[in-house]
Amino acid sequence: MSKHAGPAALALHVNGVVHQLAVPPEASLLAVLRNDLGLNGPKYGCGLGQCGACTVLVDGVAARACVIPVGGMAGRAITTLEGLGDRNRPHPVQQAFIDAQAAQCGYCLNGMIMMAAALLAERPRPTEADIRRALSGNLCRCGTHVEIVEAVLRAADLLSASGGSQSAPAAAIAHPAET
Ligand code: FES
Ligand code: FES
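Now for a quick tour of the structure. Every value quoted in this text rests on a predicted model; they were computed, and no experiment measured them.

We now examine helix α6 (residues 145-161). The end-to-end C-alpha separation of α6 is 24 Å, in line with the 24 Å expected for 17 residues at 1.5 Å each. Within α6 the residues assigned to the buried category are I148, V149, A151, V152, A155, A156 and L159. The buried residues of α6 occupy one face: seen down the axis, they fall within an arc of 155°. Seen from the open side of α6, the exposed residues pointing more than 90 degrees away from its buried face are V146, D157 and A161. The inward-facing, buried residues of α6 contact α3 (92-99), α4 (109-122) and α5 (128-134). A positive backbone phi angle near 70° is found at G163, which sits one or two residues after α6.

Moving on, we come to α3. Turning to α3, its buried residues are P92, V93, Q94, A96 and F97. Contacts from the buried residues of α3 go to α2 (81-84), α4 and α6.

The next subject is the pairing of strand β1 (residues 8-14). With seven bridges joining them, β1 and strand β2 (residues 17-23) adopt antiparallel strand pairing. The residue of β2 that forms the bridge with A8 is V23. Counted along the chain from β1 to the antiparallel partner β2, the turn is two residues long, and its residue N15 has a positive phi close to 50°.

In contact at an axis separation of 9 Å, α3 and α4 are set at 130° when each is read in the N-to-C sense. Viewed along their axes, α3 and α4 adopt a mutual orientation that is oblique. For the pair α3 and α4, the crossing hand works out as right-handed. Residues V93, Q94 and F97 of α3 pack against L109, I113, A116, A117 and L120 of α4. Residue classes in the contact of α3 with α4 are distributed as seven nonpolar, one polar and no charged.

Quick notes on the rules
Residues numbered from 1 in each chain as written. Chains lettered and ligands numbered in written order. Predicted model: local features only at pLDDT ≥ 70, side-chain atom pairs only at ≥ 80, totals over all residues. Helix = DSSP H or I, 4+ residues; strand = E, 2+ residues; numbered from the N terminus. Expected span 1.5 Å × (residues − 1). Buried ≥ 20, exposed ≤ 12 C-beta atoms within 10 Å, placed from the backbone. Arc of directions from axis to C-beta. Contact = placed C-beta atoms within 7 Å. Pairing = 2+ DSSP bridges. Axes fitted to C-alpha atoms, helices over the stretch in contact; angles between N-to-C directions. Parallel < 35°, antiparallel > 145°, perpendicular 65-115°, else oblique. Left-handed = near helix turned anticlockwise from the far one by under 90°. Nonpolar A, V, L, I, M, F, W, Y, C, P; charged D, E, K, R; others polar.

The values are spatial; any link to function lies outside them.
Structure representation (structure tokens):
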């Protein structure tokens, strides 16, 4: 949280729940999600909008929570990794990443999964080139890129097989500055 301003009242809509908070408006959305709401799916990587580890959906658009001041998020619908699914009922994208064993350390996977969910909502049958393009701004220091691409292709199959009934929230890919 910032040390430059005091807390202000804010109603934050996260994963379908409205949270009444008192937080500094310039605090990052990521800090509030993790520190105030205990949602640790989004990760702190670079803190500069450059690695994608902190990706969430804001009104269905993939966005980098580390560079978004929370004060502008009133009334916006925020979806985190926890809002896609959980251990007992994983979202098809999450299941596909498990099936493809697409993690080594796993630190990048929040961003990879959220971007994949956004891509598949926009383009249910992406090509490998589409996937590589969509994920090109998400960094993986472990180098599991091949498995990650396989996981997204598998996620497209799973979503297709389910008739889209478990599809991700309406989502799109956009540069963080657009949110
Ligand atoms: S932590 Fe947000 S883009 Fe790196
Ligand atoms: S699996 Fe370690 S950073 Fe991607």
